[in-house]
Amino acid sequence: MSTPLIIAIVIAIVLVLMYNSLVSKKNQVENIFASVDTQLKKRYDLIPNLVSSVSKYMEHEKSILEDITKLRSEANKPNISDEQKIALDAKMSSALGSIMIAVENYPDLKANENVMHLQRSLNEIEEQISAARRAYNQAVTDYNNALEQIPTNFMANAMNYQRKEVFEISVNERKNVNVKELFNS
Amino acid sequence: MKTLSQLTDFYYKSLHPTLSELEEDRMALKKRIIVTQAILALIAIAIIYFMFSSAVFSIDILAFVGFGYFALAGIAYKLLIKDYAKDFKFRVITPLIKEIDINLRYTPSLHISEMHYTRSGIFTSSPDRVSGNDFVKGKIDGISIEFSDFHAEKRHKDSKGRTSWSTQFQGLFLVSEFPKHFKGRTVILPDTAQSTFGDFIGSFLQSNNFSRNDLVKMDNPAFEKEFVVYGTDQIEARYILSHALMEKILDFKQRSNHPLNLSFNGGKIYMAIEYNKDLFEPSVFHSLLKYKIAMEYIETLHLAIGIVEELKLNQKLWSKL
């Protein structure tokens, strides 16, 4: 075999490998985003129940509850982009967080079995969402790295791949729960 | 659970009469061992001397005598310490475990079942021979736990048909319930590739490890430096390994100071801590009252049983739906 032919074959193999690794990275991002989406939907499904069971008691938090309902209907609209979903999730997490803290001020609510169950379910889903977000961020980081690093960046340019956004991980999530502090407050 | 210093107090105060009695046994035993070994050595030397002088000397016979000597010496040692070891486990380790938690059952002669070891998936091939002892089982605050000394070996055959054994794992093997619900398998191993070959080649090797599931990169740099995670599900692995749990595992690793392997499978957590020696055996040539010796027993037990406490703490924050 002639040398130019060998070189051509090697280049072709390298190109194919690069192309495939980029495609698999992009698909990994999409796959994991689908799981994030499922978890987010699960959480949105809990919201009507939550709002109806706490709104009777909560007088001062009416505006937050309205916000939550509004966010949910926005999230349920068809054809919203991934970026919008990410932004809605951030708003939703902080609104739900403040409701959960506010529950502590209502002894009746705290003792309510339905609310307790909702709280537990929300905590559980929050954990799942957090895990899915972290997995998504890692997949996006791998993808973005491939887009910028040599030699895959040339290939990505040619394929017209765009950088993707990651979820902002809230400070609260990174912090370990400090039981002592909970008792002191 | 009792703190480390409470347990140390218990060891030195409540167990003191027992320890002094055992100390006397130990001294006597030490003398007996030295005398027996000396006699055996003299016999071996006498045989070799006799062979030299009678001119039937050959390397094969010398090797045979040497081999016989080491085998006999080993057997003699084991026979001699047998009663003492039994006594020590019954009178020191048993009360110590009862002191940590009354609900724990201790069986010196048993070990953890091989099924647990294989099911953990920490080791990619199943062992050809397993042994172990010092089996502890029970429930601590509603969470079941069992652990034991465990030794798993692989058999090798060379071209001449001779078999030899190599250690796959030796140390403490622990199984406990895990309060989160999950379907797949997540395995956490010490990060040897990245620390030996550096970040670039190391992570390339890890992501192309075909005997394992997919590499799961964790978002805690300190954890990622110490461990490598493989899992069947990227999201589930992160669901199990929350930031809080990663911190706890790191902390556990630093305290135990031995290579730590973990796995999560079928609702259970498996831990394999490599000590590369038989644990909870009485010391023969050092005093049982020596602080360093005492701490080894106490610390190992405290560390193993304490892991449940850490998991239980989390259980209140989660709910197994």
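Rules used in this analysis
In every chain, residue numbers begin from 1 and rise along the written sequence. Chain letters start at A and ligand numbers start at 1, both assigned in the order the entries are written. It should be noted that, the model being predicted, local features are given only for residues of pLDDT at least 70 and side-chain atom pairs only at 80 or more, the latter also being counted only at that level, while totals for whole chains, interfaces and linings use all residues. Working definition: helices are DSSP H or I runs of at least four residues, strands are E runs of at least two. Numbering for both runs from the N terminus. Every radius of gyration here is taken over C-alpha atoms, with the globule rule written as 2.2 Å times N^0.38, N being the number of residues. Burial is judged by counting the other C-beta atoms within 10 Å of a residue's own C-beta: 20 or more makes it buried, 12 or fewer makes it exposed, and any count in between marks it as partly exposed, with every C-beta position built from the backbone. The contact criterion used here is simple: two residues whose C-beta atoms, placed from the backbone, lie within 7 Å are in contact. The angle between two axes is taken between their N-to-C directions and runs from 0 to 180 degrees, where each axis is a line fitted to C-alpha atoms and a helix contributes only its stretch in contact. If an angle is under 35 degrees, it is roughly parallel; if it is over 145, roughly antiparallel; if it lies from 65 to 115, roughly perpendicular; otherwise it is oblique. Working rule for handedness: look at the near helix, and if it is turned counterclockwise from the far one by less than a right angle, call the crossing left-handed; if clockwise, right-handed. Here the term charged refers only to Asp, Glu, Lys and Arg, the term nonpolar to Ala, Val, Leu, Ile, Met, Phe, Trp, Tyr, Cys and Pro, and the term polar to all other amino acids, Gly among them. We define a nonpolar core as a collection of buried residues of the types Ala, Val, Leu, Ile, Met, Phe, Trp, Tyr and Cys that are connected via C-beta atoms lying within 7 Å of each other. We treat two strands as partners when DSSP finds at least two bridges between them. Each residue carries a pLDDT score, the predictor's confidence in it, ranging from 0 to 100. Expected span of a helix, by definition, is 1.5 Å for each gap between consecutive residues, and there is one gap fewer than residues.

Asks: Explain the overall build of chain A to me, and be specific about the residues and the numbers.
Replies: Across its full length, chain A carries 8 helices and 0 strands. Helices and strands appear in chain A in the N-to-C order α-α-α-α-α-α-α-α. Taken over C-alpha atoms, the radius of gyration comes to 23 Å for chain A, far larger than the 16 Å a tight globule of 185 residues would show. Once the C-alpha set of chain A is aligned to its principal axes, its extents read approximately 85 × 40 × 20 Å. Within chain A, the proportion of its 185 residues that are buried is 21%. If you take every contact in chain A between residues at least 6 apart in sequence, the share linking residues at least 24 apart comes to 77%.

Asks: Give a description of the overall build of chain B that names residues and reports values.
Replies: What chain B contains, in helices and strands, is 9 helices and 9 strands. The dimensions of chain B, computed from C-alpha atoms along their principal axes, are 75 × 55 × 30 Å. For chain B, with 321 residues in total, the buried portion stands at 28%. Sequence separation of 24 or more characterises 70% of the internal contacts of chain B that already satisfy a separation of 6 or more.

Asks: So what about the packing of helix H2 (residues 16-54) of chain B against helix H3 (residues 59-100) of chain B? Which residues, and what values?
Replies: At a minimum axis separation of 10 Å, H2(B) and H3(B) run at an interaxial angle of 170 degrees. On the basis of the axis angle, H2(B) is roughly antiparallel to H3(B).

Asks: Describe the packing of helix H1 (residues 3-55) of chain A against helix H5 (residues 113-148) of chain A, with residues and values.
Replies: All names here are of chain A. Two elements in contact, H1 and H5, have axes whose closest approach is 9 Å; the angle formed by their N-to-C orientations is 160 degrees. Judged by the angle between their axes, H1 and H5 are roughly antiparallel. With respect to the hand of their crossing, H1 and H5 are arranged in left-handed fashion. Looking at the contact of H1 with H5 residue by residue, the classes come out as 21 nonpolar, 9 polar and 6 charged.

Asks: Requested: an account of the nonpolar core, with residues and values cited.
Replies: In this structure, B:Val229 and B:Met271 are the most contacted members of the largest nonpolar core, which totals 75 residues. Element by element, the count of residues in this core is highest for H5(A), at 9 residues. Once you skip the residues sitting within four places of it in the chain, B:Val229 turns out to touch B:Thr186, B:Ile188, B:Val216, B:Met218, B:Ala237 and B:Leu241. Residues A:Ile68, A:Met92, A:Leu96 and A:Ile99 belong to the second largest nonpolar core, which totals 8 residues.

Asks: Before we move on, could you go through the pairing of strand E4 (residues 163-177) of chain B and cite the residues and values that matter?
Replies: All names here are of chain B. Of the strand pairs in this sheet, strand E3 (residues 143-157) and E4 are connected by 13 bridges, and their pairing is antiparallel. If you follow isoleucine 145 over to E4, its bridge partner there is serine 176. The loop that links E3 with its antiparallel partner E4 comprises 5 residues; one of these, glycine 161, has a positive phi angle of about 85 degrees. Pairing analysis gives 7 bridges linking E4 to strand E9 (residues 268-274), with the strands arranged antiparallel. By the bridge assignment for E9, serine 176 is matched with isoleucine 269.

Asks: Hey, could you go over the sheet that holds E3(B) for me, with residue numbers and the actual values?
Replies: By definition, the strands of a sheet pair up through backbone hydrogen bonds, in either a parallel or an antiparallel sense. Residues and elements named next belong to chain B. On the basis of which strands lie adjacent, the open sheet formed by 9 strands has the order E1-E2-E3-E4-E9-E8-E5-E7-E6 and antiparallel pairing. Strands at the two margins of the open sheet, each flanked by one partner only, are strand E1 (104-107) and strand E6 (214-216). Adjacent strand axes in the sheet meet at a mean angle of 20 degrees when their direction is disregarded.

Asks: Quick rundown of the environment of A:Ser73? Include the residues and the values.
Replies: Relative to the assigned elements, A:Ser73 resides in helix H2 (residues 62-75). Sequence separation of A:Ser73 and A:Tyr44 is 29 residues, and the distance between their C-alpha atoms is 9.0 Å.

Asks: For unusual backbone geometry, give the residues involved together with the corresponding values.
Replies: That bond from A:Ile150 to A:Pro151 is cis: its omega, 5 degrees, falls within 30 degrees of zero. In this fold, A:Pro151 is placed in the loop between H5 and helix H6 (152-159). Of note, the phi angle at B:Asn257 is positive, near 60 degrees, even though the residue is not glycine. Positioned with a positive phi, B:Phe280 is a non-glycine residue whose angle comes to about 60 degrees. Along the chain, B:Phe280 turns up in the loop between E9 and helix H9 (291-315). B:Phe280 sits in the buried class, given 23 other C-beta atoms within 10 Å.

Asks: How would you explain the environment of B:Arg185 if you had to name every residue and give the values?
Replies: In this fold, B:Arg185 is placed in strand E5 (residues 185-190). When near neighbours in sequence (up to four residues on either side) are disregarded, B:Arg185 contacts B:Gly121, B:Asn213, B:Gly231, B:Thr232, B:Ser263, B:Phe264 and B:Asn265.

Asks: So what about the confidence of the model for chain B? Which residues, and what values?
Replies: All names here are of chain B. Looking at chain B as a whole, the pLDDT averages 86, with 96% of positions reaching at least 70. The low-confidence segment residues 316-321 (pLDDT under 50) makes 15 contacts with residues lying over four places distant or belonging to another chain. Overall fold confidence for the complex sits at a pTM of 0.81, while the interface term, ipTM, reaches 0.77.

Asks: Residue-level account of H2(B), with values.
Replies: Over its 39 residues, H2(B) runs 56 Å from end to end, which matches the ideal 57 Å to within 8%, given 1.5 Å per residue. Across the 39 residues that make up H2(B), only a small minority, 2, are buried.

Asks: How would you explain the pairing of strand E8 (residues 260-265) of chain B if you had to name every residue and give the values?
Replies: Residue and element names in this part refer to chain B. For E8, a buried count of 6 out of 6 residues is recorded, marking the element as mostly surrounded by other parts of the structure. The alternating pattern of E8 places Leu260, Leu262 and Phe264 on one face and Asn261, Ser263 and Asn265 on the opposite face, and all of these are buried. Alignment of E8 against E9, held across 6 bridges, turns out to be antiparallel. The residue bridging phenylalanine 264 from the neighbouring strand is isoleucine 269, located in E9. Here E8 folds back onto E9, and the loop between the two strands holds 2 residues, one of which, glycine 266, carries a positive phi near 55 degrees.

Asks: Please provide a residue-by-residue account of the confidence of the model for chain A, values included.
Replies: Residues and elements named next belong to chain A. Per-residue pLDDT for chain A averages 83, and the proportion of residues at 70 or more is 90%. Here helix H8 (residues 179-184) stands out as the element of chain A with the lowest mean pLDDT, 47, in contrast to H1, whose mean of 89 is the highest. When the criterion is pLDDT under 50, residues 174-185 qualifies, and its contacts beyond four places in sequence or with other chains add up to 7 contacts.

Asks: Any details on the environment of B:Met271? Residues and values, ideally.
Replies: Residues and elements named next belong to chain B. Position of methionine 271 relative to the elements: it lies in strand E9. Using a count of 23 C-beta atoms within 10 Å as the deciding quantity, one classes methionine 271 as buried. The spatial distance from the C-alpha of methionine 271 to the C-alpha of serine 14 is 31 Å, given a sequence separation of 257 residues. Setting aside anything within four residues of it in sequence, one finds methionine 271 in contact with Leu174, Leu260, Leu262 and Ile307.

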